[in-house]
Amino acid sequence: MLKNRLATVLIWLSAALICAVFVCLLADMLRNGLPRLSWSFLSQAPSDAGRAGGIAPIIVSTGLIVLVAVSAAAPLSLATAILLSEFSSPNSRFCQVIERSLEVLAGVPSIVFGLFGNAFFCIYLGLGFSILSGGLTLACMALPIMINTATVGLRSAPDDYRLCAAALGMSRGAALLHLLLPAAAPAIIAGLMLGIARAGAETAALIFTSGYVDRMPDTLMDSGRALSVHIYDLAMNVAGGDANAYASALVLVVLLLIINSLASSLTQHWLRNRIMTS
């Protein structure tokens, strides 16, 4: 009993510590960034190297970069997860090599991905410093997280689903579409949110791929400055840019919270509707 109570106390203390860190960070951003936050800040372009003006082009560039990253990574990660979980044995040599490669990729520093993106997308493919280059580089970074979470979700689906589908004469594709993917939806959405969070908050990789330009992008081939890069530039390279850096950081955190909350709500609503109609 004493061990169980001690373990419970440690778990609650760990959770409280994590929440306290987040609350402290959020309070610091609110205290320093909220006075600068206004509609004009969200709707105007930056001026005076970011000391004045707003972050409208920065928000648009960030959204486009994240959209490119998710559009490229989501289908590939889901297809790879299906291959690893449903069409390969976990003990096979092929599956082990892929999983070890994903573990290595997940631990590679973001600056290495940035150098790779610059060499491959910007120079070799001729995309230059562009939103497309930045988004594709972030897709490479998000792939290990999204593949691993989707694979775990699919493997955790009960084997009874597969056996019942086979007994009813369902094809593997139909069983995957109607049974396994819905069962793994929470894990798949969780991986997608982690991928979006990493793409939205990444800095080092984007410096070498999407660039520093703070004007409104016209196409995906234009250079664009992400919010994370804008925050870094204001905090490190622009004297007197701390106020706008705090406000930009607050906007980034709020956007990530909104995206995660919206995705969680939509997933729960979708699963509830499937349960009621099945």
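Residues numbered from 1 in each chain as written. Predicted model: local features only at pLDDT ≥ 70, side-chain atom pairs only at ≥ 80, totals over all residues. Heavy atoms only, no water.

## Structural notes on the nonpolar core
Counting 16 residues, the largest nonpolar core has Ile-65, Leu-138 and Leu-206 as the members making the most contacts within it. Breaking this core down by element, the ones donating at least two residues are helix H3 (56-86), helix H6 (131-155), helix H8 (172-201) and helix H9 (204-207). Residue contributions to this core peak at 4 residues, all from H3. Among the nonpolar cores identified, the runner-up in size contains 13 residues, and Met-29, Phe-41, Leu-227 and Leu-252 belong to it. (Core = buried A, V, L, I, M, F, W, Y, C linked by side-chain atoms within 4.5 Å. Buried < 20%, exposed > 50% of the residue type's maximum accessible area, 1.4 Å probe, protein only. Helix = DSSP H or I, 4+ residues; strand = E, 2+ residues; numbered from the N terminus.)

## Some details on a nonpolar patch on the surface
Together, Leu-6, Val-9, Leu-10 and Leu-13 make up an exposed nonpolar region whose accessible area comes to about 380 Å². Along the chain, Leu-13 turns up in helix H1 (residues 2-33). (Patch = residues over 30% accessible without salt bridge, like charges linked within 9 Å, V, L, I, M, F, W, Y side chains within 5 Å. Areas by Shrake-Rupley, 256 points an atom, 1.4 Å probe, with all protein chains shown as cover. Salt bridge = Lys/Arg side-chain N within 4 Å of Asp/Glu carboxyl O.)

## Some details on the pattern of salt bridges
Taken as a whole and assessed by the stated rule, the structure comprises 7 salt bridges. Residue Arg-155 is joined to Glu-99 by a salt bridge in which the shortest nitrogen-to-oxygen separation is 2.9 Å. With Arg-155 in helix H6 and Glu-99 in helix H4 (residues 93-107), this pair connects stretches of sequence that are 56 residues apart. Overall, the relative accessible area of 32% leaves Arg-155 in the partly exposed class. Residue classification places Glu-99 among the buried positions, given a relative accessible area of 19%. For Asp-159, the salt bridge identified is with Arg-162, shortest N-O distance 3.1 Å.

## Section: the packing of H3 against H8
Close contact between H3 and H8 brings their axes to 10 Å; oriented N to C, the two are set at 140°. By the criterion of interaxial angle, the relationship of H3 to H8 is oblique. Of the two possible hands of crossing, H3 and H8 adopt the one that is right-handed. From H3, Val-66, Ala-69, Val-70, Ala-74, Leu-78, Ile-82 and Glu-86 reach across to H8, where they touch Arg-172, Leu-176, Leu-180, Leu-181, Ile-188, Leu-192, Ile-196, Ala-199 and Gly-200. Taken together, the residues of the contact of H3 with H8 sort by class into 13 nonpolar, 1 polar and 2 charged. (Axes fitted to C-alpha atoms, helices over the stretch in contact; angles between N-to-C directions. Parallel < 35°, antiparallel > 145°, perpendicular 65-115°, else oblique. Left-handed = near helix turned anticlockwise from the far one by under 90°. Contact = heavy atoms within 4.5 Å. Nonpolar A, V, L, I, M, F, W, Y, C, P; charged D, E, K, R; others polar.)

## Topic: the environment of Asn-260
For Asn-260, the location among the structural elements is in helix H11 (residues 242-277). Judged by its relative accessible area of 31%, Asn-260 is partly exposed. Distance in space between the C-alpha atoms of Asn-260 and Leu-194 is 8.9 Å, their sequence separation being 66 residues.

## A short note on the packing of helix H7 (residues 159-167) against H8
Axis separation between H7 and H8 bottoms out at 10 Å; the angle between their running directions is 165°. Judged on the interaxial angle alone, H8 and H7 are roughly antiparallel. By crossing handedness, the relation of H7 to H8 is classed as right-handed. Here Tyr-161, Arg-162 and Ala-165 of H7 come into contact with H8, specifically with Ala-175, Leu-179, Leu-180 and Ala-183. Split into classes, the residues belonging to the contact of H7 with H8 amount to 6 nonpolar, no polar and 1 charged.

## A few points about the confidence of the model for the protein chain
Per-residue confidence for the protein chain averages 85 on the pLDDT scale, and 96% of its residues sit at or above 70. Across the protein chain, the secondary-structure element scoring lowest on mean pLDDT is H11, at 76, and the one scoring highest is helix H5 (residues 110-124), at 91. (pLDDT = per-residue confidence, 0-100.)

## Comments concerning the packing of aromatic side chains
Counted according to the given criterion, the structure contains 4 aromatic pairs. Each ring, one from Phe-116 and one from Phe-120, has its centre 5.6 Å from the other, and the planes form 5°; the classification is stacked. Of this pair, Phe-116 and Phe-120 both sit in helix H5, separated by 4 residues, roughly a single helical turn. Relative to Tyr-124, the ring of Phe-120 lies with its centre 5.7 Å away and its plane at 15°, an arrangement referred to as stacked. Placement of both Phe-120 and Tyr-124 in helix H5 is noted, with a separation of 4 residues, approximately one turn of the helix. Tyr-124 gets classed as exposed once you look at its relative accessible area, which sits at 65%. These aromatic residues form a ring-pair network of at least three members: Phe-116, Phe-120, Phe-121 and Tyr-124. (Phe/Tyr/Trp six-rings, centres within 6.5 Å; stacked < 30°, edge-to-face > 60°.)

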